[in-house]
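Examining the three-dimensional arrangement
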Amino acid sequence: MSEEVEDKMDQPKYNWKDVTKEFLTASSQLQLGELLHDNQFGLFEAMSAIEMMDPKMDAGMLCNQIKRKVKSFDQAKKEGILQVANLAHPALIGIMDASLACMVTWIEGHSLAQTVFTNLYLHNPYVIEDKCLKAFSIIMLKIVDHIRDRINRAGTIEEEDFQPMSYGFSMAWDVSESRAVGMVKEVEDEMAKLSKNTKCKQGENRTEAMEQEHQCVTALHVRLKFFRLFYSVLLSFAKDKCDGLVNAKKQLAQLLELIPPIQSTVILGVQEQTSEVSKNDYPTIAGFEPLINQRLLPPTFPRYTIIKPRTDSYDYMSTLIQKLQSIIGVPELGSLHHILEAFVEFSQSSPCVLSRSILQLMLLPPNRRIFGSQTVVDALKETIKRFIAPPALSSKSSIYNHAQAKEYVDALLARAARPFCSLFQITGHNRARQRDKWAHVLEDLANLQEEADKVDAYLHSLLIRCEKKRNHLACFGTWVLYHTLNAMISFTLSGFELELYAVFEYHYVYWYLHELLYAWLVSTLHRADSFLLESENAPDMSGKGRNNKKSSKKKKRVKTLAKELNLAQAYQQMYGGYYKAVVGFQLCGKLKQPQFHFDSEEVRYSHRFAPFATVLTPPMVQYAQYKEMSDLRRFQPEPTAKDVFASACKCFCQAKDLLDVVTPDTEEIQTIVKIAKTNIVVMKLAMGGHKEDSANPPVFDFTLSKVFPIIKLV
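Residues numbered from 1 in each chain as written. Predicted model: local features only at pLDDT ≥ 70, side-chain atom pairs only at ≥ 80, totals over all residues. Heavy atoms only, no water.

As a further point, take the side chain of Glu289. For Glu289, the position within the fold is in the loop between helix H9 (245-264) and helix H10 (310-327). Glu289 gets classed as buried once you look at its relative accessible area, which sits at 7%. Of the polar contacts made by the side chain of Glu289, one reaches the backbone nitrogen of Leu291; its length is 3.1 Å. (Helix = DSSP H or I, 4+ residues; strand = E, 2+ residues; numbered from the N terminus. Buried < 20%, exposed > 50% of the residue type's maximum accessible area, 1.4 Å probe, protein only. Polar contact = N/O pair within 3.5 Å; in protein donor to acceptor, adjacent residues only side chain to side chain.)

In structure tokens:
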């Protein structure tokens, strides 16, 4: 048998049939939006299917759509396409700027294979002969590896935030941190000397080429210093017990000063050439190959990657540096309540995943110690003492050293450590995911509330036996309730930020905030404040100070919850104003309730507040109870739209007055005051019948604030 016949027998036999015509005929019978379902091919299979050989669906096929051959680092180096020695200064500047742009794009959620490792020099930096490029390539790998490690350790990322997969690339692990920094420092010093030498060449012989050379050398020196300092900053934040924050503060200030001169010299680097992959979205320069890792991508829908422009990348780094500067002072805030407020405020500014992760690791490293010094339990004790001053934690109380009481309190706080740490961790997630996290933490807080009530009951009975004048009713329970209410409020307000609520849902959302959540929060803060006053004026029953004959003078109150109370009352009035404004517009016929065939207001109401069902205090208000409590017919005489608008105006006025008491030095408070003043004017116009004949509904403008809109009459 001949070899030709054997080859034909070995080849697989296919009986191909073109079914395109039959498929189109069958699919034409389906209506728009109609799907065909089979037992073995449902929606899951349809969404997971990959259309083979289609460049948009099959990631590996993109390599076959271009005319040129995609060459690896070794191939390009062997053929002399990739220069590894004596690179020109503009080429080095271009490589550094393009590498940073790829790194920033990676931090924003794209894969390493499609961003950072499109730089062929990073595949094997050890064979690079150019000293400057080799040092830069190694420290870039160290930066990428450190960022990946920090984000993974923080554990507050989702799949849409960040892709930690390294695809097996080497990250220069055999080079120590100090050696990597030292290599860049050596080249940096050489560039500094070279910059001085080129600058000294003055006189008639000085040419335009010499001036450009000086600018390029100076630009390289600044960039090397920037990457060295940035890596040093990351290492400083990673030190235990926040020991590196002092150095980090100085380094961040230096980094900010370097960004303007870098941005002004971006044009000196080699500029991008148009890529065959995409004419606009994926520019590249010599040494960068956007398709080199295409076959490493998993068989799923590849994320469309657009590399960030170079100037925008340095803008991104400037913002990142400013975010890192803002978190340096967090450990000095002292009370965990103030630290948690700082975490929440930082999260509201929508920081990147790297800055969020660094802040998380500052507070909660794996050993569960607060900033490396206090345990969580010790920090909770200090925080509760400042918030409500329970007798069990007061040295004046007779039960302070009671063995059984201490055991109960320590057990409760040890149990509270996990949900309390979760409150910090939630702020590290992106804003969309936080809503789900707030709903889940409510279950833990509800269980903690039950245990706190039991401990309070025991301590109260013990205290009554020892000191008949004092009580311990709901001290720890009040503290847990405070955080439970804040979690419920955060969950509810996230619906506005994520634009989940329709306008016709505003009335019961604002009602819930005004009548229940903030009403309970104000009551809770009043209780805590009264306990602080009682604790301060309580006599010393510990027995240590009874023999002291000196008359003790009255001490002034050191800390109150006045600011927290004013803010809570102001926000309660703001949401009360919005609720009454919405009711007024409903009475005017400007906000009409839509009629759904497969939905109802009760279903939507129950869906919006479903996570609150697990919380016993405050109990969830059921829909029937809400309708009864919000029914205007219970008032005699029944209020008109004008009366409701007047009441809303009064609420906004009270909110403004309360916010004026709070030090209005923050931009947020000033913005809310501005919104309140504007809404006061709008409510007065609505009372006077302004644009009463217009059929257009009012507009709730969230431009200035994500949760406090400006009401506009259209």
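Quick look at helix H11 (residues 336-348) now. Residues three or four positions apart in an α-helix share a direction because the helix packs 3.6 residues into each turn. Helix length check: H11 (13 residues) gives 18 Å between terminal C-alpha atoms against 18 Å at 1.5 Å per residue, within 8%. Of all the residues in H11, the buried ones are Leu336, His337, Ile339, Leu340, Ala342, Phe343, Phe346 and Ser347. Capping of H11 at its N-terminal end is provided by Ser335; its side-chain oxygen lies 3.2 Å from the backbone amide nitrogen of His337. (Expected span 1.5 Å × (residues − 1).)

Look at helix H17 (residues 506-537) against helix H19 (residues 601-608): their axes get within 11 Å of each other, and the N-to-C directions meet at 40°. What the angle tells us is that H17 and H19 run oblique. The two elements H17 and H19 meet at a crossing, and its hand is right-handed. Across the interface between the two elements, His507, Tyr508, Trp511 and Tyr512 from H17 touch Glu601, Arg604, Tyr605 and Arg608 from H19. Looking at the contact of H17 with H19 residue by residue, the class counts come to four nonpolar, one polar and three charged. (Axes fitted to C-alpha atoms, helices over the stretch in contact; angles between N-to-C directions. Parallel < 35°, antiparallel > 145°, perpendicular 65-115°, else oblique. Left-handed = near helix turned anticlockwise from the far one by under 90°. Contact = heavy atoms within 4.5 Å. Nonpolar A, V, L, I, M, F, W, Y, C, P; charged D, E, K, R; others polar.)

Scanning the entire structure with this criterion turns up 25 salt bridges. The shortest N-O distance in the salt bridge between Arg148 and Asp145 comes to 2.9 Å. On the criterion of helical spacing, the pair formed by Arg148 and Asp145 is a turn pair, its members being three residues apart in helix H6 (residues 131-154). Judged on exposure class, the residue Arg148 and its partner Asp145 are both buried. Here Glu188 and Arg228 are joined by a salt bridge, their closest N and O atoms 2.6 Å apart. One end of the pair, Glu188, is in helix H7 (residues 177-200); the other, Arg228, is in helix H8 (residues 208-237), and 40 residues separate them in sequence. Arg228 matches Glu188 in its accessibility class, with the two residues each being buried. Ionic contacts of the salt-bridge type, sharing partners, join the residues Glu158, Glu160, Arg433 and Lys437 into one network. (Salt bridge = Lys/Arg side-chain N within 4 Å of Asp/Glu carboxyl O.)

The next thing to look at is the environment of Leu234. Residue placement: Leu234 occurs in helix H8. Taking the C-alpha atoms as reference points, Leu234 and Ile143, separated by 91 residues in sequence, lie 8.0 Å from one another. Setting aside its immediate chain neighbours within four residues, Leu234 contacts Ile143, His146, Ile147, Leu354 and Ile358.

A few words now on unusual backbone geometry. That bond from Thr617 to Pro618 is cis: its omega, -5°, falls within 30 degrees of zero. The topology assignment puts Pro618 in the loop between H19 and helix H20 (623-629). In this structure, Pro637 follows Gln636 across a cis peptide bond, with omega equal to 0°. Its place among the elements puts Pro637 in the loop between H20 and helix H21 (641-661). Look at Asn86: it is not a glycine, yet its phi comes out positive at around 55°. Along the chain, the position of Asn86 falls in the loop between helix H4 (73-78) and helix H5 (89-107). Judged by its relative accessible area of 68%, Asn86 falls in the exposed class. In this model, Glu499 sits at a positive phi of 60°, which is unusual for a non-glycine residue. Counting through the fold element by element, Glu499 comes out in the loop between helix H16 (475-497) and H17.

Here H21 crosses helix H22 (residues 667-687) at 160°, and the two axes come no closer than 9 Å. Between H21 and H22, the interaxial angle falls into the category roughly antiparallel. Here H21 runs over H22; the crossing is left-handed. On H22, the residues touching Lys642, Phe645, Ala646, Ala648, Cys649, Phe652, Cys653, Lys656, Leu659 and Asp660 of H21 are Ile669, Ile672, Val673, Ala676, Lys677, Asn679, Ile680, Met683, Lys684, Ala686 and Met687. Taken together, the residues of the contact of H21 with H22 sort by class into 15 nonpolar, one polar and five charged.

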